[in-house]
Amino acid sequence: MGKRSSFERREADYYPTLDPRAVLPILRFLPPGTLFSEPCCGLGHLVRHLEAQGLICVHMSDIQLGQDAREYVSPVAVITNPPWSRGLLHELIVWWAMTAPETWLLMDASWAQTRQATPYLSLCTDIVALGRQKWIADSRHTGLDDCAWYRFVARPDGPIRFWPRS
C-alpha cells in the first residue's frame with residue numbers, strides 16, 4: 001500500500017487500523033460518549049480502539065459484510081479508515097460530508113498536497129497529523145506513507161486547521 005511500493009493492493013483496499021494509538025490525536029475533538037458510525041469497519045479494529053476511549057459505535061458495516069459505504073447515511077459522526085483508491089475515496093468524501101454531521105477519515109497525509117484533492121479541500125476543516133502506521137499484522141515494518149486524520153463537513157466555518165503531531 002502506498003505510492004512508493006510495488007506491492008499488489010489488498011482486496012477491497014483492506015488495511016486495518018491495528019495500532020490503538022492511531023485514535024489518540026483525534027480524541028481532543030471527540031469526547032467520551034461521542035456517537036459514531038464506522039462504515040468501512042473490516043474486522044472492527046478501529047471500532048474497538050475508539051470504544052476503548054469511551055466513544056460509542058452505533059453502526060458498523062463493510063463492503064465485505066454486504067453494505068456499500070456509498071449507500072450508508074449516518075445520523076452521527078462517521079469515523080473510518082476508508083479505501084484509499086482515489087475514485088472511491090473522493091466519492092465517499094462528498095457523500096459523507098453531505099449526509100453525516102461530520103466525517104473523520106484516516107488517509108495518507110500527502111493527499112492534501114495533490115491537485116486531485118483540490119475540489120474536496122473546500123469540505124475539509126481539520127488535518128491532524130498522525131505519522132506512519134503499521135497495516136500488516138505480521139510485518140516488522142510500518143507503511144511507507146505518513147498518515148493524517150481529515151475532518152470533512154458540508155459547510156466548513158473557515159480555513160483548514162492543521163494540527164501537528166504532539
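Values in this document were obtained by computation on a predicted structure and should not be read as measured data.

1. Section: the overall build of the protein chain
Of the regular secondary structure elements, the protein chain holds three helices and seven strands. Reading the secondary structure of the protein chain in the N-to-C direction produces β-α-β-β-α-β-α-β-β-β. In the protein chain, which comprises 166 residues, the share counted as buried stands at 50%. For the protein chain, restricting intrachain contacts to residue pairs at least 6 apart in sequence, the fraction spanning at least 24 positions comes to 67%. When the accessible surface of the protein chain is split by element, carbon and sulfur atoms take 55% of a total near 8600 Å².

2. Some remarks on the side chain of Asp 68
Summarising the element assignment, Asp 68 is placed in the loop between strand 2 (56-60) and strand 3 (77-80). Taking the relative accessible area as the measure of exposure, Asp 68 reaches 17% and is therefore buried. Among the polar contacts made by the side chain of Asp 68, one reaches the main-chain amide nitrogen of Arg 70 at a distance of 2.8 Å.

3. Quick notes on a nonpolar patch on the surface
A surface patch of nonpolar side chains, amounting to about 230 Å² of accessible area, comprises Leu 35, Ile 56 and Val 58. Within the secondary structure, Leu 35 sits in strand 1 (residues 35-38). Exposure remark for Leu 35: the relative accessible area of 39% places this residue in the partly exposed category.

4. Digging into the pattern of salt bridges
Taken as a whole, this structure holds eight salt bridges when the rule is applied. With a closest N to O distance of 2.9 Å, Asp 68 and Arg 70 form a salt bridge. With a shortest N-O distance of 2.8 Å, Arg 86 and Asp 108 are connected by a salt bridge. Of the two residues, Arg 86 is situated in helix 2 (residues 86-99) and Asp 108 in strand 4 (residues 103-108); the sequence distance between them amounts to 22 residues. The class of Arg 86 is partly exposed, set by a relative accessible area of 23%. Among the residues examined, Asp 108 registers a relative accessible area of 4% and is labelled buried. Because the salt bridges share partners, they merge into one network encompassing Glu 102, Asp 126, Arg 151, Asp 157 and Arg 161.

Rules of the game
Residues numbered from 1 in each chain as written. Predicted model: local features only at pLDDT ≥ 70, side-chain atom pairs only at ≥ 80, totals over all residues. Heavy atoms only, no water. Helix = DSSP H or I, 4+ residues; strand = E, 2+ residues; numbered from the N terminus. Buried < 20%, exposed > 50% of the residue type's maximum accessible area, 1.4 Å probe, protein only. Contact = heavy atoms within 4.5 Å. Areas by Shrake-Rupley, 256 points an atom, 1.4 Å probe, with all protein chains shown as cover. Polar contact = N/O pair within 3.5 Å; in protein donor to acceptor, adjacent residues only side chain to side chain. Patch = residues over 30% accessible without salt bridge, like charges linked within 9 Å, V, L, I, M, F, W, Y side chains within 5 Å. Salt bridge = Lys/Arg side-chain N within 4 Å of Asp/Glu carboxyl O.

All quantities given are derived from atomic positions and should not be read as evidence of function.
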